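Residue-level structural notes
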There are 2 protein chains.
Amino acid sequence: MDSETYGTFIQHVKEINTLRSIQALLEWDQETYMPQRAAEDRGNQLAAVAGVLHEKLTRDELGDLLTKLEQEADAENYVAATNVREVRREHDRAVKVPTELVKRIAKATALARDAWVPARKDADFPRFAPHLEILLELKREMADRIGWDSEPYDALMDEFEPGARAAVVQEVFDKVKAELVPLVAAIKDAPRQPNTSILERACPPDKQGAFNRRIAEAMGFDFEAGRIDVSVHPFCSGHSPKDVRFTTRYDEHYIPMSLFGVMHETGHALYEQGFDAEHTGTPMAINTSLGIHESQSRLWENQVGRSRLFWEHFYPALQAEFPSLADVPLDAWHFAINTVRPSLIRVEADEVTYGLHIMLRFDLERQMIAGKLPVPDVPQAWNAGMQQLLAITPPDDAQGCLQDIHWCMGIFGYFPTYALGNLYAAQFFAAARRAMPELDRQIARGGLRPLREWLRENIHQHGKRYRAHELVKVATGEELAHTPFIDYLNGKFRPLYGL
Amino acid sequence: MDSETYGTFIQHVKEINTLRSIQALLEWDQETYMPQRAAEDRGNQLAAVAGVLHEKLTRDELGDLLTKLEQEADAENYVAATNVREVRREHDRAVKVPTELVKRIAKATALARDAWVPARKDADFPRFAPHLEILLELKREMADRIGWDSEPYDALMDEFEPGARAAVVQEVFDKVKAELVPLVAAIKDAPRQPNTSILERACPPDKQGAFNRRIAEAMGFDFEAGRIDVSVHPFCSGHSPKDVRFTTRYDEHYIPMSLFGVMHETGHALYEQGFDAEHTGTPMAINTSLGIHESQSRLWENQVGRSRLFWEHFYPALQAEFPSLADVPLDAWHFAINTVRPSLIRVEADEVTYGLHIMLRFDLERQMIAGKLPVPDVPQAWNAGMQQLLAITPPDDAQGCLQDIHWCMGIFGYFPTYALGNLYAAQFFAAARRAMPELDRQIARGGLRPLREWLRENIHQHGKRYRAHELVKVATGEELAHTPFIDYLNGKFRPLYGL
């Protein structure tokens, strides 16, 4: 491989990703510190960067460099191979989708959002329906432009989970559903139920913030390379391995919101801080998929954060900080933070029912994009699915098919990454426990760094070297599978609920 | 004027200025919230934006649009005339200075800074001298590229104070010096002296912050279109009229630092918020010069903030907030915040001596750029100037000619804008008082908004419509003059010091 050609190529790639890191900062600022009247100007700033980015990503010069490097490919050099392969993917996707289509989608989503807000408020699906129709049409056009083998949905999902195929995902999801539905039903009628009111005891937000920082610190978050702020909707934003910022929000009378929110976002943040800084600005230091990203957050939030082992160490400290919990035994706390209750709203769902919400959306999206589910039938299909999976039916479409913002933003193919994240998380955690017989005892003593090291070594440092399905195999020795997740849920929830 | 051509032109201009607003955000974040390990990545982000900006500013298409618009000029349309004239100026300056010269300067300043830090620490001027030599050579080359009529210094000063000419500035400065030197000497030996120790009384920083916000609010700062944060070096950063952010710093035992710091920065901020938002992203909504910018900060900090009238209203509130000042009479407070004391360090100077520091640097810079002051002679010239103007001599070069960072950053021509700001401030304030006979009484009642309105009407809203020297004439009816400033100083300080 000609090192000069590769050097020029990497310079282009770094410029592109540097512009993306600027987008991330603009978005982070928008949610944290931006004065409210600046919204329109911020839109212009984002548009300006997007314009420059698109131009740089689609320019012929980059295509020529890629062609040249592909001809000189050296299989031994996985860094170069990764960077060339992933930039080729992005360049091709950007070239294939014409600017005018991007603009039509942007315009349609703006209108759809304007319709969705009042439609949800009034539970008035027909008001939103024509917009959904148009967006589906546009996204099908986009899928066709990008190209697909089995079904157009693959082309859309590929944006968030490169290499994933809907048919494969469906197969695993079906197995998960077959196990989850009876588990949810059993838990609902279980003899033991948690006392959830203890979670509503007063915990001053400033003390929550200080406690959360201790946990993030224990998990290995580097505060010299990142920060925690407050925003309405929590998120994590990695601008480089040395600048990873996430947010949280506080409810004085519901400590789990910030506590598990911070563990979740710290999980995301450790992934971003775990890339090799030497590769900053190249695919080798970028997450491989949203599913893998979500696996890192869910692993820390659930496998670790809602485990009894974790609280063996941290619960006395929590009680010392929050006297309102002083009379709550560890077991009651542990049971309460593992409350399972079928609910209408996805974002409030627990870790057992959450996946069922996702699988419903995945089902519907796949059918909608394929043209098999007419838009007017969506509410009915939604409600039937909710009844079948969670045994509840929304009283109206506001709490049903209008609840999520994704569709009005034209986002199709994103939802499955949430459920994939849970499956990957269980696989990774099981593999880590196999590899480290000490792990449980370490966690029970508050020693979380060895787990971070295992994740860094086996997942984070690889960046985009492997696609998600390959990475799972490299890190765990297995293909994507449902059993570790189901085993984990059964292992925790059956004893808790006395099943 | 062809509205389509003009529309395309404005689109280019807005893109350029939107990118600049992104630079401003990156810099603001760097000083406020950026994690410390992100410094290098931030450098790459700034370089990426600078590269795109330079490309957009120098592209032929912009030059062609300018030429076309200049041919079709319509003198009636001052908005278009302003935008075309000012973008032409920037385009030409950018085109005339080749990228390789910019890079040479960047490299030389990086090396110069590396030498200046230890040189200042060890008071070792010879260590810094060769770098100063190189920088002067490079800046002369830059001045020659840009072009000049009377002397190369004009081309450099023009970057910060468009249209200003060193010979004209010198003439006014000489008149100021002739008045200030005897005033400083008289104050030094005056029969009355302030009790400065009252300024060191404890005032909790969080209460300082709250009090400062009240003052900024009273001055008319729009908190929905801006914010106040903390940084080591206070600054104001206007990203658009709807996003203006400034910073301050607190010293529990020196309340004037944040108090007058915030009034100063709010003055800058009101200028930025006062542009017509309709023109966001074009020269009509950009400051006309740094001297005018500084006039706005100094006017609020000094003419208003250090006046007895202002404290007639605000002093009781200050005392209520800070019990440590409860036994300090208003007059003692007013005298203390107007302490005049010749000092070695510019940034700590009061409003009487400050200008003399600036005029010394202006003198030396002008001679250095003209090649009339050899670098080895700078320390001696500095010390002689300090003795002549302030009757003190630095004990070493660290407290003398090595104290400021400007020269090692290659910044020549910037200093005079500080002193011009003081002169403009006095002229504007005198004009406002003439135009509003009620003004003194309003200020004494805490009514600061009418003054903001006058400034907005007569200065802010014009953006770059007028060059600084024209703006002074439009707003005050006078040319740049030294008498309002001298009259103001004599009017306040002679009675205070019993002269």
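No experiment lies behind these values; they were computed from the predicted model shown.

Regarding its fold elements, chain A presents 20 helices and three strands. For 499 residues, the compact-globule estimate of 2.2 N^0.38 gives 23 Å, and the C-alpha radius of gyration of chain A, at 23 Å, lies within 12% of that figure. The C-alpha extent of chain A, read off along each of the three principal axes, is 65 × 50 × 50 Å. A buried classification covers 59% of the 499 residues belonging to chain A. In chain A, of all internal contacts separated by at least 6 residues, the share reaching a separation of at least 24 is 74%. With 56 positive and 73 negative side-chain charges, chain A shows a spacing of 2 Å between the two charge centroids.

With 32 residues of chain B at the interface, the matching set in chain A holds 32 residues. Carbon and sulfur atoms make up 59% of the area that chain B and chain A hide from each other, which totals about 2800 Å². Run the count over chain B and chain A and you get six salt bridges. R42(A) is the partner of D243(B) in a salt bridge, and the nearest nitrogen-oxygen pair spans 3.8 Å. There are 14 residue pairs in polar contact (both at pLDDT 80 or more) connecting chain B and chain A. Sorting the residues of the side of chain B that touches chain A by element identifies α1 (3–32), α2 (39–58), β1 (226–230) and β3 (243–248) of chain B as the ones contributing at least two each.

This part covers a negative patch on the surface. Residues and elements named next belong to chain A. Taken together, the side chains of E200, D206, D251 and E252 define an acidic patch exposed on the protein surface. Inspection of the secondary structure puts E200 in the loop between α8 (166–188) and α9 (205–219). For E200, a relative accessible area of 48% translates into the label partly exposed.

By a simple turn and slide, chain B fits onto chain A: the slide is 0.0 Å along the axis, the RMSD is 0.1 Å, and the turn is 180 degrees. Both copies of the chain, as the preceding transformation shows, are related through a two-fold rotation axis.

We now examine the side chain of N302(B). Tracing the backbone through its elements, the reader meets N302(B) in helix α11 (residues 290–304). Leaving out residues up to four positions away in the same chain, N302(B) has contacts with S307(B), E351(B), Y488(B) and K492(B).

Attention shifts here to the environment of A431(A). Residues and elements named next belong to chain A. Structurally, the position occupied by A431 is in helix α16 (residues 415–435). As a C-alpha pair, A431 and E86 span 345 residues in sequence and 27 Å in three-dimensional space. When residues no more than four places from it in sequence are discounted, the contact partners of A431 are W454, A475 and T476.

Before going further, it helps to spend a moment on the nonpolar core. Membership of the largest hydrophobic core comes to 131 residues, with the highest contact counts inside it found for W311(A), L318(A) and W333(A). C203(B), L420(B), L455(B) and Y466(B) belong to the second-largest nonpolar core, a separate cluster that totals 129 residues.

Residues and elements named next belong to chain B. Judged by pairing direction, the sheet is mixed, and its three strands sit side by side in the order β1-β3-β2 without closing on themselves. In the strand order of this sheet, the two ends are held by β1 and β2 (236–240), each with one partner. The mean angle between the axes of side-by-side strands here comes to 15 degrees, regardless of whether they run parallel or antiparallel. Pairing of β1 with β3, which is carried by five bridges, proceeds in the parallel orientation. When the sheet's bridge partners are listed, D229 is paired in β3 with T247. Against the sheet, helix α10 (residues 256–273) contacts β1, β2 and β3, and its axis sits at roughly 165 degrees relative to β3.

Taken as a whole and judged by the stated rule, the model has 80 salt bridges over all chains. A salt bridge links E453(A) to R452(A); the shortest N-O distance between them is 2.7 Å. Under the relative-accessibility criterion, E453(A) is labelled partly exposed at 37%. One salt bridge in this structure joins R434(B) and E478(B), with 3.8 Å as the shortest N-O distance. Within this pair, whereas R434(B) is found in helix α16 (residues 415–435), its partner E478(B) is found in the loop between α19 (468–476) and α20 (483–496), the two being separated by 44 residues in sequence. Since its relative accessible area comes to 48%, R434(B) is described here as partly exposed.

All names here are of chain B. It is the contact of α1 with helix α3 (residues 60–71), at a shortest axis distance of 10 Å, that shows an interaxial angle of 135 degrees. Our classification of the angle between α1 and α3 gives oblique. Judged by the twist between their axes, the crossing of α1 over α3 is left-handed. Contacts between α1 and α3 involve T5, Y6, T8, F9, H12 and I16 on the former and, on the latter, E61, L62, L65, L66, K68 and L69. For the contact of α1 with α3, the residue count by class is seven nonpolar, three polar and two charged.

Let us look at the domain arrangement of chain A. Residue and element names in this part refer to chain A. Along its sequence, chain A is organised into domain 1 (3–149) and domain 2 (150–499). For domain 1 and domain 2, the distance between their C-alpha centroids amounts to 25 Å. Taken together, the contacts link 43 residues of domain 1 with 47 residues of domain 2. Counting each side, the surface lost to burial between domain 1 and domain 2 is near 4100 Å², with a carbon and sulfur contribution of 66%. Our count for the domain 1 to domain 2 interface comes out at four salt bridges. The salt bridge partner of D158 is R93, with a shortest N-O separation of 3.3 Å.

What follows deals with the packing of helix α14 (residues 354–369) of chain B against helix α15 (residues 378–390) of chain B. All names here are of chain B. Taken N-terminus to C-terminus, the directions of α14 and α15 make an angle of 145 degrees; their axes are 10 Å apart at the nearest point. Every pair of crossing elements has a handedness; the one defined by α14 and α15 is right-handed. On the side of α14, the interface is formed by L356, H357, L360, R361, L364 and M368, while α15 contributes V378, A381, W382, G385, M386, L389 and L390. Classifying every residue of the contact of α14 with α15 by side-chain character gives 10 nonpolar, two polar and one charged.

Per-residue pLDDT for chain A has a mean of 97; in total, 100% of the residues score no lower than 70. Taken together, the chains of this predicted complex give a pTM of 0.95 and an interface ipTM of 0.93.

The next thing to look at is the packing of aromatic side chains. Under the defined criterion, the tally for this structure stands at 45 aromatic pairs over all chains. With centroids separated by 5.7 Å and ring planes inclined at 65 degrees, the aromatic side chains of Y153(A) and F362(A) adopt a geometry described as edge-to-face. A residue pair is termed long-range when its members are at least 10 positions apart, and Y153(A) in helix α7 (residues 152–157) and F362(A) in helix α14 (residues 354–369) qualify at 209 residues. For Y153(A), a relative accessible area of 0% puts it in the buried group. With centroids separated by 5.3 Å and ring planes inclined at 70 degrees, the aromatic side chains of F221(B) and F246(B) adopt a geometry described as edge-to-face. Note that F221(B) is positioned in the loop between α9 (205–219) and β1 and F246(B) in strand β3, a separation of 25 residues in sequence. The exposure class assigned to F221(B) is buried, which follows from its relative accessible area of 2%. Judged by its relative accessible area of 0%, F246(B) falls in the buried class.

So, on to helix α5 (residues 99–121) of chain B. Residues and elements named next belong to chain B. For α5, with 23 residues, the first-to-last C-alpha span of 33 Å sits near the 33 Å given by 1.5 Å per residue. Here α5 has its buried residues at L101, I105, A108, T109, A112, A115, W116 and A119. In this structure, the buried side of α5 is in contact with α6 (125–146). Note on α5: the residue one or two positions beyond its end, A123, has a positive phi of about 50 degrees.

Procedures and definitions
Residues numbered from 1 in each chain as written. Chains lettered and ligands numbered in written order. Predicted model: local features only at pLDDT ≥ 70, side-chain atom pairs only at ≥ 80, totals over all residues. Heavy atoms only, no water. Helix = DSSP H or I, 4+ residues; strand = E, 2+ residues; numbered from the N terminus. Rg over C-alpha atoms; globule rule 2.2 N^0.38 Å. Buried < 20%, exposed > 50% of the residue type's maximum accessible area, 1.4 Å probe, protein only. Contact = heavy atoms within 4.5 Å. Lys, Arg positive; Asp, Glu negative; His and termini not counted. Charge placed at Lys NZ, Arg CZ, Asp CG, Glu CD. Buried area = accessible area lost by both parts, 1.4 Å probe. Salt bridge = Lys/Arg side-chain N within 4 Å of Asp/Glu carboxyl O. Polar contact = N/O pair within 3.5 Å; in protein donor to acceptor, adjacent residues only side chain to side chain. Patch = residues over 30% accessible without salt bridge, like charges linked within 9 Å, V, L, I, M, F, W, Y side chains within 5 Å. Areas by Shrake-Rupley, 256 points an atom, 1.4 Å probe, with all protein chains shown as cover. Least-squares fit on C-alpha atoms with pLDDT ≥ 70 in both. Core = buried A, V, L, I, M, F, W, Y, C linked by side-chain atoms within 4.5 Å. Pairing = 2+ DSSP bridges. Axes fitted to C-alpha atoms, helices over the stretch in contact; angles between N-to-C directions. Parallel < 35°, antiparallel > 145°, perpendicular 65-115°, else oblique. Left-handed = near helix turned anticlockwise from the far one by under 90°. Nonpolar A, V, L, I, M, F, W, Y, C, P; charged D, E, K, R; others polar. Domains from an automatic or database assignment. pLDDT = per-residue confidence, 0-100. Phe/Tyr/Trp six-rings, centres within 6.5 Å; stacked < 30°, edge-to-face > 60°. Expected span 1.5 Å × (residues − 1).

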